[in-house]
Structure formats: structure tokens, C-alpha cells
Amino acid sequence: MTKKDRNITLVGMPASGKSTVGVLLAKRLGFSFVDVDIVIQEREKRLLKEIIAQEGLDGFMAVENRINASLDVDRSVIAPGGSVIYGKEAMEHLKQISTIVYLKLSYEDVKARLGNLVDRGVVLKDGMTLLDLYHERVPYYERYADITVDETGQTAGETVDCLRKMMEERLGMDGGRS
């Protein structure tokens, strides 16, 4: 099994369940779970909102790109922030070390799950709406994805069950015991 086959990276819009699905999937596969937002905060010794306040959105995305591009993990489910797809080096690296899974969610479901954007830590460029962000990002997620899981009408547990089965079939895994 290559390193690419030994890691899974979940990408998708904010509120698509990258962290929730990631933790559950990691447990079911016997993998570690890596929340890249926490890795960024630990390496930078600042909260994400502090990085954004001090360096702006572009500065934050440069930090995010650098840290994602340097991840060195094995047998892990990786949950980067939704904006990771803007980082060319990060996405090239994640594509080399993992199977990229796009957690697809309709705009309506994203909007319903997010509620108050500020409370959820979603930062939009000036003049941009959530709908603009959705339309901007979806093509990136689709381009990078090795696998797409449509979460419409599914609970997190159902998404995990579907994804675990897909990964085990795709990679010849036996529930993480190999």
C-alpha cells in the first residue's frame, strides 16, 4: 500500500462535516485524525482569527498553504480548512500523500448548517456572499477529488459508513487492520 493509499484528506465547504466525519472515519479505520486548523494554531502559536487579523486573509492562506504542504503523516484522516484548495503546493502535496475525498453538500444545506458565519469562523472576502464562495470553491473541490461523497439527506454516521465502505473497496483495506 503506497503512502497515498494510507491517508485520506477530506475537502469541502465549511460545515460539510470534515471534522465530524473525519473523527468518526478515523476511529472506524483505526487511523489517526489530523485537524489542520489545530496544527496551524499549534505551529503558529496563534488562533486562526489572530493570524487573519494580523496578516489578512491572503496572509492566512499563505500560512495554511505552507503548513498543509509540509504535513508528514501516515494512516491518517486529514481535515484541512475549506480554503486549502487555493494553495497549489498544499493540494499537490495532499494529492501525493492521500486519497482526496470531496464531501459534497448543496448550497442550501451549507447555508442551513452554517447559521451565523462569524460564529462559525467563516471569513469572506469583501463584497463576497456565501453563495459566491460556494460557486467559487466547488470547481476546485471537484477538480482535486479522487472520490466524491454526496452527503445530501445523510447523517454524519451514514456518510462515514458510505465512505468507509468506498475506501475499503478502493484500497483493499480491511477496516484498518492491515
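Preceding block: the structure.
Below: a short report on this structure. (Residues numbered from 1 in each chain as written. Predicted model: local features only at pLDDT ≥ 70, side-chain atom pairs only at ≥ 80, totals over all residues. Heavy atoms only, no water.)

**Topic: the pairing of strand 5 (residues 147–150)**
Only one face of strand 5 is covered, namely the face carrying Ile-147 and Val-149; the face carrying Thr-148 and Asp-150 is uncovered. In this structure, strand 4 (residues 99–104) lies alongside strand 5, joined through 4 bridges in parallel fashion. When the bridges of strand 5 are listed, Leu-103 appears paired with Val-149. (Buried < 20%, exposed > 50% of the residue type's maximum accessible area, 1.4 Å probe, protein only. Helix = DSSP H or I, 4+ residues; strand = E, 2+ residues; numbered from the N terminus. Pairing = 2+ DSSP bridges.)

**Structural notes on the pattern of salt bridges**
Here the structure, examined in full by the defined rule, presents 8 salt bridges. Between Glu-44 and Arg-46 there is a salt bridge, and its shortest N-O distance comes to 2.8 Å. For the residue pair Glu-44 and Arg-46, the accessibility class agrees, reading buried in each case. Lys-125 is the salt-bridge partner of Glu-136, the closest N and O atoms lying 3.9 Å from each other. With Glu-136 in helix 7 (residues 130–144) and Lys-125 in the loop between helix 6 (107–114) and helix 7, this residue pair connects regions lying 11 residues apart in the sequence. Look at Glu-136 and you get partly exposed, because its relative accessible area is 25%. (Salt bridge = Lys/Arg side-chain N within 4 Å of Asp/Glu carboxyl O.)

**Details of the sheet that holds strand 4**
Strand order in the open sheet made by the 5 strands is 2-3-1-4-5, with parallel pairing throughout. Since the sheet does not close on itself, it has two edges, and those belong to strand 2 (32–35) and strand 5, each with one partner. Going from strand to strand, the sheet's axes swing by 25 degrees on average, the running direction of each strand aside. On top of the sheet, helix 2 (residues 18–29) reaches strand 1 (7–11), strand 2, strand 3 (76–79) and strand 4; it is set at about 160 degrees to strand 2, its chief contact. Packed on one face of the sheet, helix 3 (residues 36–44) meets strand 2 and strand 3 and runs near 65 degrees to strand 2. (Axes fitted to C-alpha atoms, helices over the stretch in contact; angles between N-to-C directions. Contact = heavy atoms within 4.5 Å.)

By themselves, these figures tell us nothing about what the structure is for.
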